[in-house]
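# Descriptive analysis of the structure
Okay, here's what each chain looks like letter by letter:
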Amino acid sequence: SLMALPLAARADYPEKPITIVVPFSAGGPTDKVARDLAESLRKTLNATLVIENVGGAGGTLGATKVAKAAPDGYTVLLHHIGMATSPALYRNLQYKTLDDFEYLGLINEVPMTLVAKPTMAAANYGELAKWIAANKEKVNLANAGLGSASHLCGLLFQSTIKIDMTTVPYKGTGPAMTDLIGGQVDIMCDQTTNTSSQIEGGKIKAYAVTSTKRLGSPALAKLPTLDELGLKGFNVAIWHGLYAPKGTPKPVLDKLNAGLKKALQDPDLHKRQEALGAVIVQDGRVNPAEHKKFVTDEIAKWGVVIKAAGQYAD
Ligand code: MLT
């Protein structure tokens, strides 16, 4: 009888709220992607979605929580490029990235911006580079911890300009942004989903974008790319994906993947994301096999880059 099946395998999944674990603080870019996606996903899954922020250790605490959660379809993880950088940065990661999760599909790609406190005198990147060189390790670079997107971008930035700054880790770039606006930290590399509104509001200064092409949104269009400013080949785009604990029943995985696919076809979601500089991935990348292969390749790619920049991976 139906009652004999474990809860999640029943045909009427979901029959209670689904928790989306965001491995960073509320108010940051990962949280923003999760809440924006949830607006569409709750309709396509016909479910109540609860966002749970589990910050710390560059996103690995939240990822660990989901890796160890019951594989019943009621706990999923929304995470970003940190899934691919953490294996190179954490010797005792509490989960195996490729074995302990079911891959539900990629979501979007988000470029980053090099931003500074509002009192930063530099009028352009050239002057900022001079200020950094004159202040070196006294410069406070904020990030969301080892394995975060802001850490990765800061690592690449430091190793490209060969200056080792003082990094100040937060549980997310939501709280980091508060301190940047307050001038407690000097600079940060953060995703446009978090910086666009602050730049438009004149709350922080923006100097460049980390994409290889300039961006289209009004707040960001006039920002040069780091590549055109001389940091040749600088290219960081932060991808996000959805994961369930290994062993979640196939019928549940199929419903989650179908719901995600449909949510990502929502024109309103596309509009909301594009206004923040983010791009929803092509339909074909919203499938388990493609998602897992992509992460496998990214682990290899960033492993090499992180080792090369080793002395900056504080
Ligand atoms: C990151 O740097 O990885 C993100 O900004 C973390 C966050 O979403 O707060």
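Scroll up to find the structure.
Residues numbered from 1 in each chain as written. Predicted model: local features only at pLDDT ≥ 70, side-chain atom pairs only at ≥ 80, totals over all residues. Heavy atoms only, no water.

The subject of this paragraph is the pattern of salt bridges. In total, this model carries 14 salt bridges according to the counting rule given. Across the pair Lys96 and Asp100 runs a salt bridge whose closest N-O atoms are separated by 3.9 Å. Residue Lys250 pairs with Asp254 through a salt bridge whose shortest N-O separation is 2.7 Å. Taken together, the residues span about one helical turn, with Lys250 and Asp254 both in helix H8 (residues 250–263) at a distance of 4 residues. (Salt bridge = Lys/Arg side-chain N within 4 Å of Asp/Glu carboxyl O. Helix = DSSP H or I, 4+ residues; strand = E, 2+ residues; numbered from the N terminus.)

Time to look at empty space enclosed by the protein. The tally for this structure, following the rule as stated, stands at 1 cavity of 30 Å³ or more. Taken together, 13 residues line the largest cavity, and the ones lying closest to its centre are Pro29, Thr30, Ala144, Thr173 and Gln191. Elements with a contribution of two residues or more to the lining of the largest cavity: helix H1 (29–44), helix H5 (149–161) and strand S7 (187–191). Taken together, the residues of the lining of the largest cavity break down into 4 nonpolar, 8 polar and 1 charged. (1 Å grid on protein atoms, 1.4 Å probe; cavity = no way out; pocket = protein on both sides within 12 Å on 5 of 7 lines; lining within 4 Å. Points joined across faces, edges and corners; volume = space filled by probe spheres on them. Nonpolar A, V, L, I, M, F, W, Y, C, P; charged D, E, K, R; others polar.)

What follows concerns the layout of surface pockets. If a probe the size of a water molecule is rolled over the atoms, the empty space left behind becomes visible. By volume, the largest pocket is sized at about 280 Å³. If you trace the largest pocket, you find 16 residues lining it, with Glu109, Pro111, Ser211, Ala237 and Val279 closest to the centre. Of all elements in the fold, only strand S4 (101–116) and strand S10 (279–280) reach the threshold of two or more residues within the lining of the largest pocket. Looking at the lining of the largest pocket element by element, the count peaks at 3 residues for S4.

So, on to the state of the cysteines. All chains considered together, the criterion is met by 1 disulfide. Between the sulfur atoms of Cys153 and its disulfide partner Cys189 the distance amounts to 1.9 Å. For the disulfide bridge between Cys153 and Cys189, the dihedral angle about the S-S bond is near 55°, and by the sign convention the bridge is right-handed. Of this pair, Cys153 sits in helix H5 while Cys189 sits in strand S7, and the two are 36 residues apart along the sequence. (Disulfide = S-S within 2.5 Å.)

So, about the side chain of Ser148. With respect to the secondary-structure elements, Ser148 resides in the loop between strand S5 (140–143) and H5. Not counting the four nearest positions on each side in its chain, Ser148 is found in contact with Phe24, Gly58, His80 and Asn143. (Contact = heavy atoms within 4.5 Å.)

On inspection of all chains with the given rule, the structure shows 6 aromatic pairs. Their ring planes at 80° and their centres at 5.1 Å tell us that Tyr103 and Tyr243 sit as a pair that is edge-to-face. Taken as a pair, Tyr103 in strand S4 and Tyr243 in strand S9 (residues 237–245) lie far apart in primary sequence, 140 residues in all. A single burial state applies to Tyr103 and to Tyr243, both of which are buried. Centroid distance Trp239 to Phe294: 5.1 Å. Interplanar angle 75°. Geometry classified as edge-to-face. Of this pair, Trp239 sits in strand S9 while Phe294 sits in helix H10 (residues 288–308); the two residues are 55 residues apart in sequence, bridging distant segments of the chain. The residues Trp239 and Phe294 share a single accessibility class, namely buried. An aromatic cluster is present here, built from Tyr95, Phe101, Tyr103 and Tyr243 joined pairwise through their rings. (Phe/Tyr/Trp six-rings, centres within 6.5 Å; stacked < 30°, edge-to-face > 60°. Buried < 20%, exposed > 50% of the residue type's maximum accessible area, 1.4 Å probe, protein only.)

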